[in-house]
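# A look at the structure
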Amino acid sequence: MRVLIIEDEVRLAENIAEVLRESGGYAVDIVFDGEEGLYMAESNPYDLILLDLMLPRMDGITVLQKLRGGDMDVPVLVLTARDEKEMIVTVLNAGADDYVTKPFDLGELLARAKALIRRGKGQRSPVLRVGDIEINTADHSVRRAGTLVSLLGMEYRVLEYMAHRPNTVVSKTELLEHLYDFNWERFSNVIEVYISGLRRKLDEGGSEKLIQTLRGQGYMIKR
Ligand code: CA
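Description of the structure in this document. (Residues numbered from 1 in each chain as written. Predicted model: local features only at pLDDT ≥ 70, side-chain atom pairs only at ≥ 80, totals over all residues. Heavy atoms only, no water.)

## What to know about the coordination of the calcium ion
Under the convention used in this document: Note that water is not among the atoms considered, so a metal site may appear incomplete; the donors listed are N, O and S atoms within 2.8 Å of the metal, with 3.2 Å applied to Na, K and Ca. Under the scheme used here, helices are H or I runs from DSSP no shorter than 4 residues and strands are E runs no shorter than 2 residues, and both carry numbers assigned from the N terminus. For each residue, the accessible area found with a 1.4 Å probe, counting protein chains only, is set against the maximum for its type, and the residue is called buried under 20%, exposed over 50%, and partly exposed in between.
Protein coordination of the calcium ion is provided by Asp-8 (OD), Asp-52 (OD) and Met-54 (O), with donor distances spanning 2.1 to 2.3 Å. Sequence positions of the residues that donate to the calcium ion give the spacing D-x43-D-x1-M. Of this pair, Asp-8 sits in the loop between β1 (2-6) and α1 (10-22) while Asp-52 sits in strand β3 (residues 48-52), placing them 44 residues apart in sequence. Residue Asp-8 is classed as partly exposed on the basis of its relative accessible area, which comes to 30%.

## Focus: the nonpolar core
One recurring pattern in soluble globular proteins: nonpolar side chains tend to sit buried together. Put simply, the rule is: Among buried residues, the Ala, Val, Leu, Ile, Met, Phe, Trp, Tyr and Cys ones that are joined through side-chain atoms within 4.5 Å form a nonpolar core. In this document the domain limits rely on a domain assignment from an automatic tool or a database. The contact criterion used throughout is that any non-hydrogen atoms of two residues lie within 4.5 Å.
Within the largest apolar cluster, 50 residues are counted, with the highest numbers of intra-cluster contacts made by Ile-16, Leu-20, Leu-50, Ile-135, Leu-159 and Leu-175. The dominant element in this core, judged by the number of residues it contributes, is helix α6 (residues 153-163), at seven residues. Inspection of this core shows a minimum of three residues originating in each of domain 1 (2-120) and domain 2 (127-221). In this structure, Leu-159 is in contact with Ile-135, Val-142, Leu-151, Leu-198, Leu-202, Leu-210 and Ile-221, ignoring residues within four places of it in sequence.

## A word on the sheet that holds strand β5 (residues 98-101)
Quick reminder of the rule: DSSP-based pairing: two strands are paired if at least 2 bridges between them are found. Here an angle of 0 to 180 degrees is reported between the N-to-C directions of two axes, which are lines fitted to C-alpha atoms, with helices fitted over the stretch in contact.
Taking strand neighbours across the sheet as the criterion, the five strands line up as β2-β1-β3-β4-β5 in an open arrangement whose pairing is parallel. Only two strands of the sheet have a single neighbouring strand rather than two, namely β2 (27-31) and β5. Taken pair by pair, the neighbouring strands of this sheet meet at an average axis angle of 20°, ignoring direction. Looking at chain direction, strand β4 (residues 76-80) and β5 are connected through four bridges and run parallel. From the neighbouring strand, Thr-80 faces β5, where its bridge partner is Thr-101. Lying over the sheet, helix α2 (residues 34-43) contacts β1, β2 and β3, oriented at roughly 160° with respect to β1.

## Examining the side chain of Gln-123
Quick reminder of the rule: In protein, a polar contact means a hydrogen-donor-capable atom and an acceptor-capable atom, both N or O and within 3.5 Å, with residues adjacent in sequence counting only if both atoms are side-chain atoms; elsewhere, any N or O pair within 3.5 Å suffices.
Counting through the fold element by element, Gln-123 comes out in the loop between α5 (106-120) and β6 (127-130). In terms of polar contacts, Gln-123 uses its side chain to reach the backbone carbonyl oxygen of Val-127, at 3.3 Å. The contact partners of Gln-123, leaving out residues within four places of it in the chain, are Arg-118, Leu-128 and His-164.

By themselves, these are just geometric observations and shouldn't be taken as functional.
Structure below.
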C-alpha cells in the first residue's frame with residue numbers, strides 16, 4: 001500500500017512517514033505544499049492520503065475539494081490543528097473520511113490509517129481470507145490452513161495487496177505503483193521474485209495453487 005503525506009511541518013511529516021513505513025509496511029511519499037500534493041495525488045495511485053489544512057500555495061480544503069471534484073475516491077485522513085475545531089464539519093462535508101487533531105499519538109494515527117485503507121478496499125475486518133489463507137492486516141501474520149507462514153516484508157505486501165483484489169488480474173505495474181514510493185527505482189522482475197517466494201512458502205502442502213499467472217497480464221488470487 002502506498003500513502004501520500006501532504007504536510008508542511010517537516011519533522012512531523014517525517015515522523016509520520018517513519019511510523020507508516022516501519023510499523024505499517026507502507027510505501028510513503030511526502031510533499032510539503034498543497035499544490036504539489038494535489039499534483040502527486042492526481043498522478044499516482046495512492047491507497048491513502050494524509051492531508052494537513054494550513055499549507056503553503058494551496059490549503060488543504062481546496063486540495064480536498066479538487067480531489068473529490070475530480071472523482072478521486074482515495075481515502076483522505078485530515079490532520080487538524082487544535083484551533084481548527086470549527087473546520088471539522090467543513091472538512092468532513094468536503095469529503096474527508098476521518099480526521100485527527102494535533103498533537104496526536106502516532107500509534108492511533110497508524111490504526112486509523114490502516115482502518116481507512118481497509119475500508120477503501122471494501123474490507124471492514126482486519127483479517128482477510130482467501131480460501132484457506134488468513135491474512136491479519138493488524139499484525140501482518142499469515143496462516144495457511146491454520147499454520148503460520150513466515151514471509152518477507154515485501155512478500156507480505158504483495159500478498160495483502162492482491163488479497164484485497166481477489167478474482168482480479170493485478171499487473172506488475174499496478175503492484176509496483178502501490179508498493180513502492182516515488183524515489184524508488186522500479187523493476188518489474190522484483191515482483192517476480194516476491195511472487196515466487198510467496199508460491200514457495202504458501203503452496204507448500206496446500207492442495208490448490210494460490211497465485212495464478214496470466215501471461216502478459218499479471219497475477220490473480222482466486223477466492
Ligand atoms: Ca501546516
